[in-house]
Amino acid sequence: MSHPATRPIGAPPEQPVLPIANSDEVFPVRRIYCVGRNYAEHVREMGRDPDRNPPFFFEKPRDAIVANGSEISYAMGTTNLHHEIELVVAIGKAGRNIRQEDALDHVLGYCVGNDLTRRDLQLAARDKGLPWDTGKSFDQSAPCTELLLASDIGHPTAGRIWLEIDGELRQQGDIAQMIWKTDEIVSILSSLFLLKPGDIIMTGTPAGIGPVEPGQTMKGSIDGFPVLTTTIRGRK
């Protein structure tokens, strides 16, 4: 809520943005939505059976965005920081209760993201039936590449997705293996939230998740996308 007679205390928070490829424009990030358990083999490695039940969602704070090529600190409060390479969808047109056949009209573009996870905290919460916030929603937990516009690349439905640490391949799959496709995700999410320009959706990760340690560098991508590079600097 705003009021014309008010002014903020202190400096306004910085607006997180994603650069747009081949442009001097940027995409201001409003919200970060994430899809859980969207690749069958990853569901199995997490000790669950894959199914077509409605997907579930969680959120990260928008200032979790990290620019491509950054060095970041090892996350606080964990001894088991994990990587999760993902296709990320950027919303460019507002809508609620969007029909699946219209969903892609609301997508501005795509990028590659890494849903960094404090796995020990996530699993402890999951096993107690508690929310995943402490495991997922923390500082610098959403490194992303620049955004590729759908007007330039279309709407990708297949392509190798992978992540390596210090040159060793850890994750590999294909975005065609997503249980819930982009149009389905956007449609279902819009039945729960009013989607607006600036929203991004991290669509889930393939199998091969695992720990990343201080001093290591993660590189990952999807066919046709920039390579996302992030180095873990050390523990605070």
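Residues numbered from 1 in each chain as written. Predicted model: local features only at pLDDT ≥ 70, side-chain atom pairs only at ≥ 80, totals over all residues. Heavy atoms only, no water.

1. Section: the nonpolar core
Note that soluble globular proteins tend to have their nonpolar side chains buried in a common cluster. This is how it is decided: Among buried residues, the Ala, Val, Leu, Ile, Met, Phe, Trp, Tyr and Cys ones that are joined through side-chain atoms within 4.5 Å form a nonpolar core. Partly exposed residues are those whose accessible area sits between 20% and 50% of the maximum for their type, while under 20% is buried and over 50% is exposed, using a 1.4 Å probe and protein chains only. Helix numbering and strand numbering both begin at the N terminus, where a helix is a DSSP run of H or I of at least 4 residues and a strand a DSSP run of E of at least 2. Note on contacts: a residue pair is in contact if any heavy atoms of the two residues lie within 4.5 Å.
Leu81, Val186 and Ile201 are the most contacted members of the largest nonpolar core, which has 41 residues in total. Breaking this core down by element, the ones donating at least two residues are strand 3 (31-35), strand 6 (71-74), strand 8 (85-91), strand 9 (107-114), strand 13 (160-165), helix 5 (182-190), strand 17 (217-222) and strand 18 (228-235). Ranked by residue count, the leading element in this core is strand 8, at 4 residues. Excluding its chain neighbours within four sequence positions, the residues that come into contact with Ile201 are Tyr33, Val35, Leu87, Val88, Val89, Ile91, Ile185, Val186 and Leu189. With 18 residues, the next largest nonpolar core counts Phe58, Ala90, Cys144 and Ile200 among its residues.

2. A look at unusual backbone geometry
With a phi angle near 60°, Asn22 is a residue other than glycine that sits in the positive phi range. One can find Asn22 in the loop between strand 1 (17-19) and strand 2 (26-28). The class of Asn22 is exposed, set by a relative accessible area of 85%. In this model, Asp166 sits at a positive phi of 50°, which is unusual for a non-glycine residue.

3. Quick look at the pairing of strand 9
Where we set the bar: At least two DSSP bridges between two strands are needed for those strands to be called paired.
With respect to burial, strand 9 is a largely interior element, 7 of its 8 residues being buried. As paired elements, strand 8 and strand 9 share 7 bridges and run antiparallel to each other. Looking at strand 9, one finds that Val89 is bridged to Tyr110.

4. As for the packing of aromatic side chains
As a reminder of what qualifies: Stacked, tilted and edge-to-face are the three classes assigned to paired rings of Phe, Tyr and Trp, where Trp is represented by its six-membered ring and a pair needs centres within 6.5 Å; plane angles under 30 degrees give stacked, over 60 edge-to-face, the rest tilted.
Enumeration according to the criterion identifies 3 aromatic pairs in this entry. Aromatic side chains Phe56 and Trp132 sit 5.1 Å apart centroid to centroid with 85° between the ring planes, which places their arrangement in the edge-to-face category. Of this pair, Phe56 sits in the loop between helix 1 (40-45) and strand 4 (57-60) while Trp132 sits in the loop between helix 2 (119-127) and helix 3 (133-136), placing them 76 residues apart in sequence. Taking relative accessible area as the criterion, Phe56 reaches 26% and is therefore assigned partly exposed. Note on Trp132: relative accessible area 14%, which makes it buried.

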